[in-house]
Amino acid sequence: MLQNLYYFCQKIFNMEHQLKKEDSNMVFGVHPVEEVIKAGKELEKIFVQNGLRSPQISAICGYAKEHNVPVQFVPIEKLNRLTRKNHQGIVAFVCPISYQDIENVIPAVYDEGRMPFVVILDRVTDVRNFGAIARTCYAAGVDAIVIPSRGSALINGDAMKTSAGALSLINVCRVENVKDTIDFLKASGLKVVAFSEKAKQTIWQADLTGPVAIMMGSEEDGISEAYLKRADNHLVIPMPGDIDSLNVGVATGIVAFEVVRQRIGE
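Here we summarise the structure given alongside this text.

1. Observations regarding the layout of surface pockets
Here comes step 1: The space that makes up the largest pocket amounts to roughly 650 Å³.
Here comes step 2: Looking at the largest pocket, it is lined by 27 residues, and the ones nearest its centre are F195, S196, E197, S218 and G222.
Here comes step 3: Going through the elements one at a time, α9 (225-230), β11 (233-236) and α10 (248-264) are the ones with two or more residues in the lining of the largest pocket.
Here comes step 4: Examining the composition of the lining of the largest pocket, we find that three residues originate from one element, β11, more than from any other.
Here comes step 5: Across the lining of the largest pocket, the residue classes tally to 12 nonpolar, seven polar and eight charged.

Below is the structure:
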């Protein structure tokens, strides 16, 4: 019984700790969310109570669609877990960074006389993994990280802290349609390389010296089949040990610095 009480208290503590962590980025209530939008601040995600309808909610959802902000309709219990205050059926998270447009980033890199280096993340949802990847990418000279507007990690305080400030420095591009973005990158002269444990060619055998976009998938099921089909090449990180996969953050680091190694000719 004491053990059950301990676990219950621990669960309550964790919930309260989570609420405190999110408070700095969280806005709730119809008018506060409207004011944040009017102030020109970017939103990371919006949660709306199932069945809630009003002109204000419709306007907020219209803004979200126009700016690729994911909107999730959820039970009221979900909102109550996010905040105990009067949320009026809507909770939004303000993004601590400014998203960039990949269609502006690539020409700018070429204009600087450099070869673009892009990382595409397919459904990487763990905030600490995402923060660590951003830190690695910035250190490796990656020009942009591309993420889908739905199914990606929330950029919150944990992600910012794990990135050691890199998320404030590197270009993060949130896109509505990853397939269209892959097509744009290919049309812009980038080789799109997907990393999969099922690939035959190893990372050490491939030429990664030119303009390149590396694509990494979720830890649950890797890269989506639709994106794999659009890749120019499929590569694998050879692993002679008794494990067949790596943490996506570790894998991204290996790949990113292989690109660096090849580019500097060592």
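Don't stop here, the text continues.
2. Quick look at helix α2 (residues 30-38)
Here comes step 1: Within α2, the full set of buried residues consists of V30, V33, E34, V36 and I37. The arc that holds every buried residue of α2, seen down its axis, measures 160 degrees, which confines them to one face.
Here comes step 2: The elements touched by buried residues of α2 are β1 (26-28), β2 (43-49), α3 (55-66) and β4 (90-94).
Here comes step 3: At the C-terminal side of α2, G40 shows a positive phi close to 85 degrees.

3. Description of the sheet that holds β1
Here comes step 1: In space, the four strands of this open sheet follow the order β1-β4-β2-β3, with mixed pairing throughout. Two strands in the sheet have a free side with no partner beyond their single neighbour: β1 and β3 (71-74). Ignoring which end each strand starts from, the neighbouring axes of this sheet average 20 degrees apart.
Here comes step 2: Packed onto the sheet, α3 meets β2, β3 and β4 and runs at close to 145 degrees relative to β2.

4. Quick look at the side chain of N129
Here comes step 1: Looking at the element boundaries, N129 is found in helix α6 (residues 127-139).
Here comes step 2: Here the side chain of N129 touches N247 through a polar contact of 3.1 Å, side chain to side chain.
Here comes step 3: Sequence-distant contacts of N129, defined by excluding residues within four places in its chain, comprise V124, E219, N247, V248 and G249.

5. With respect to the pattern of salt bridges
Here comes step 1: All told, the structure shown has 10 salt bridges when counted by the stated rule.
Here comes step 2: Between R261 and E258 there is a salt bridge whose closest N-O contact spans 2.8 Å. Placement of both R261 and E258 in helix α10 is noted, with a separation of three residues, approximately one turn of the helix.
Here comes step 3: By relative accessible area, which is 36% here, R261 ends up partly exposed.
Here comes step 4: Among the residues examined, E258 registers a relative accessible area of 4% and is labelled buried.
Here comes step 5: Put simply, E112, R114 and D143 are held in one network by salt bridges that share partners.

6. Some details on the sheet that holds strand β9 (residues 201-202)
Here comes step 1: With respect to topology, seven strands assemble into an open sheet ordered β7-β6-β5-β10-β8-β11-β9, the strand pairing being parallel. Of all the strands in the sheet, the pair left with one neighbour each is β7 (171-175) and β9.
Here comes step 2: As paired elements, β9 and β11 share two bridges and run parallel to each other. Note on β11: the bridge partner recorded for Q201 is L235.
Here comes step 3: Along the sheet, helix α5 (residues 102-111) makes contact with β5 (117-121), β6 (144-148) and β7, crossing β7 at roughly 140 degrees.
Here comes step 4: Helix-sheet contacts for α6 involve β5, β6 and β7, and the interaxial angle to β6 is about 155 degrees.

The rules behind the values
Residues numbered from 1 in each chain as written. Predicted model: local features only at pLDDT ≥ 70, side-chain atom pairs only at ≥ 80, totals over all residues. Heavy atoms only, no water. 1 Å grid on protein atoms, 1.4 Å probe; cavity = no way out; pocket = protein on both sides within 12 Å on 5 of 7 lines; lining within 4 Å. Points joined across faces, edges and corners; volume = space filled by probe spheres on them. Helix = DSSP H or I, 4+ residues; strand = E, 2+ residues; numbered from the N terminus. Nonpolar A, V, L, I, M, F, W, Y, C, P; charged D, E, K, R; others polar. Buried < 20%, exposed > 50% of the residue type's maximum accessible area, 1.4 Å probe, protein only. Arc of directions from axis to C-beta. Contact = heavy atoms within 4.5 Å. Pairing = 2+ DSSP bridges. Axes fitted to C-alpha atoms, helices over the stretch in contact; angles between N-to-C directions. Polar contact = N/O pair within 3.5 Å; in protein donor to acceptor, adjacent residues only side chain to side chain. Salt bridge = Lys/Arg side-chain N within 4 Å of Asp/Glu carboxyl O.

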